[in-house]
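Descriptive analysis of the structure
Chain by chain, the residues:
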Amino acid sequence: MRVKDQMENIGIEEEKGSDWGKSLPVPSVQELVRNDPRSVPENYIQHQQDRPDVSDMASSSFHIPIIDFALLVKGDGDETRKLDLACKDWGFFQIINHGVAEDVLLKMKAAIAAFFGLPLEEKNKYAQAGNDFQGYGQQYVVSEEQKLDWCDMVFLITFPHEIRNLKYWPDTIPGFRDAVESYSKEAWKVANEICTNISLLMGMDKDGLKRFYGKTKQAMRMNYYPPCSRPDLVLGINPHSDPDIITLLLQDDEVPGLQIRHKDKWILVKPIRNAIVVNVGDVLEILSNGVYKSVEHRAITNETKARVSLATIKIPYDELEIGPMECTVDDRQPRMYRNIKYLDYVRYTLGRKMEGKAHIDNILKIESS
Ligand code: OGA
Ligand code: NI
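Predicted model only: the values in this text are computed from it and were never measured. (Residues numbered from 1 in each chain as written. Chains lettered and ligands numbered in written order. Predicted model: local features only at pLDDT ≥ 70, side-chain atom pairs only at ≥ 80, totals over all residues. Heavy atoms only, no water.)

Re the state of the cysteines
As a reminder, the rule being used: Any pair of cysteine sulfurs within 2.5 Å is marked as a disulfide. Only protein chains enter the accessibility calculation, which uses a 1.4 Å probe. A residue is then buried if its area is under 20% of the maximum for its type, exposed if over 50%, and partly exposed in between.
All told, the structure shown has zero disulfides when counted by the stated rule. As a non-bridged cysteine, Cys-87 has Cys-195 as the owner of its nearest cysteine sulfur, 9.5 Å distant. With a relative accessible area of 1%, Cys-87 lands in the buried category. The cysteine Cys-327 is free of any disulfide, with Cys-195 supplying the nearest cysteine sulfur at 14 Å.

As structure tokens, this is what we get:
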């Protein structure tokens, strides 16, 4: 959808995300594979230069930083410095000892797997309706020509309570709603704790970021990547950066797939059992005046195993004006981005196909003279 069209959709159910713009409908990839496991339709086949090298899937030698959350919470100096470097150099890290019970993680992953295990007509009861961004369907599909993700997804707003839209929360799967409730609560705490530490690292008191962005929302993107007979031709999710404050990603412990761009190479983020992957989003990059990096990432597929993941995102309210915070701008570090209302930023990013980090650079970066 063109940005102009999206701009004309303001106003309806403002807080439910329905005004974020809509994706074009595309068929379920899971269904496509079920009907013909060998088929890879043309609009999923990436251009030559964008195809992943899946031959060295297991052997990439880099590891993203691992942060012991329990130490971070205690204010441990080394761990805090590790967090600072991780956000500057990688934009990504994994947290261990995060205190979220294994049972909560397992039930959450099982709930997603159970949803995608439903017959298509059951899943379609939760399909994105009308202009809504929530529900079972797709995001970022804006033109007939673009290369599609080898992925089906469900998007739900989880916090605050009053803007949940329960019609998208499957009630026929025993335990689904409870699993989302328990995990989202824990993820909320973890995300806030990380933001507290980042506030301190940015030279503010622990509530510095929170004072700036005020109330926030939380949403979940549940991803299901079916196996693909030609993983060398497709991408599970096209390269993008997340248009949020931070993302917590729960990955499949058994099936790797997440790759991040680091020093111009794609690095596989090897799953660590029960760890949570965390990444800096565009909003935090902007607020920190580019000190912390919102890094491009994508997912690859494999021939044999479906993969499930869950991105839990922390986002500001639509009206928030985002721009570099005062404490980040001085003579040595001039302002790198212009200000923009969050809603306009999200609409801009969602109204375009995912193109790595092009969005933040295209509309916000101030050219240095
Ligand atoms: C996302 C995302 C990566 C993955 O949902 O924003 O980047 O590994 N997912 O599923
Ligand atoms: Ni992402």
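Picking up after the structure, the text goes on.
Focus: the site of ligand 1
Stated precisely, the cut-off is as follows: Near is defined per residue: the residue qualifies when any heavy atom it owns lies within 4 Å of the molecule or strand. We call two N or O atoms a polar contact when they sit within 3.5 Å, provided that within protein one can donate a hydrogen and the other can accept it, with sequence-adjacent residues counted only if both atoms are side-chain atoms. For the area figures, the Shrake-Rupley method with a 1.4 Å probe applies, and any residue is considered shielded solely by the protein chains shown. Method remark: on a 1 Å grid restricted to protein atoms, a set of points is classed as a cavity if a 1.4 Å probe fits but cannot get out and as a pocket if it is open with protein on both sides within 12 Å along at least five of seven lines; lining residues have an atom within 4 Å of a point. Here the criterion for a molecule occupying a pocket or cavity is that more than half of its atoms lie within 2 Å of the pocket grid points. Numbering of helices and strands starts at the N terminus; helices are DSSP runs of H or I of at least 4 residues and strands are runs of E of at least 2.
Lining the immediate environment of ligand 1, one finds Arg-221, Asn-223, Tyr-225, Ile-237, His-240, Asp-242, Leu-249, Leu-258, His-297, Arg-307, Ser-309 and Ala-311. Side-chain polar atom of Asn-223 to an oxygen atom of ligand 1: 3.1 Å apart, as the coordinates give it. The side chain of Arg-307 places a nitrogen or oxygen atom 2.8 Å from an oxygen atom of ligand 1. Protein coverage of the free-state accessible area of ligand 1, which is 290 Å², stands at 95%. Given that more than half its atoms are within 2 Å of the pocket grid, ligand 1 belongs to the largest cavity. Counting residues per element, the ones that place at least two in the shell around ligand 1 are β5 (216-225), β6 (237-240) and β12 (307-316).

What to know about the nonpolar core
This is how the line gets drawn: Take the buried Ala, Val, Leu, Ile, Met, Phe, Trp, Tyr and Cys residues and link them wherever side-chain atoms come within 4.5 Å; each set so joined is a nonpolar core. In what follows, a contact means two residues having at least one pair of non-hydrogen atoms within 4.5 Å.
Core analysis: the largest hydrophobic core is formed by 77 residues, its most contacted members being Tyr-183, Ile-194, Leu-209 and Met-222. A per-element tally of this core places helix α7 (residues 176-201) first, with 10 residues. Excluding residues that lie within four positions of it along the chain, Tyr-183 makes contacts with Val-100, Val-104, Leu-105, Met-108, Met-220, Leu-248, Leu-250, Ile-276, Leu-310 and Thr-312. Core analysis: the next-biggest nonpolar cluster, separate from the first, contains 12 residues, Leu-32, Ile-45, Leu-148 and Trp-150 among them.

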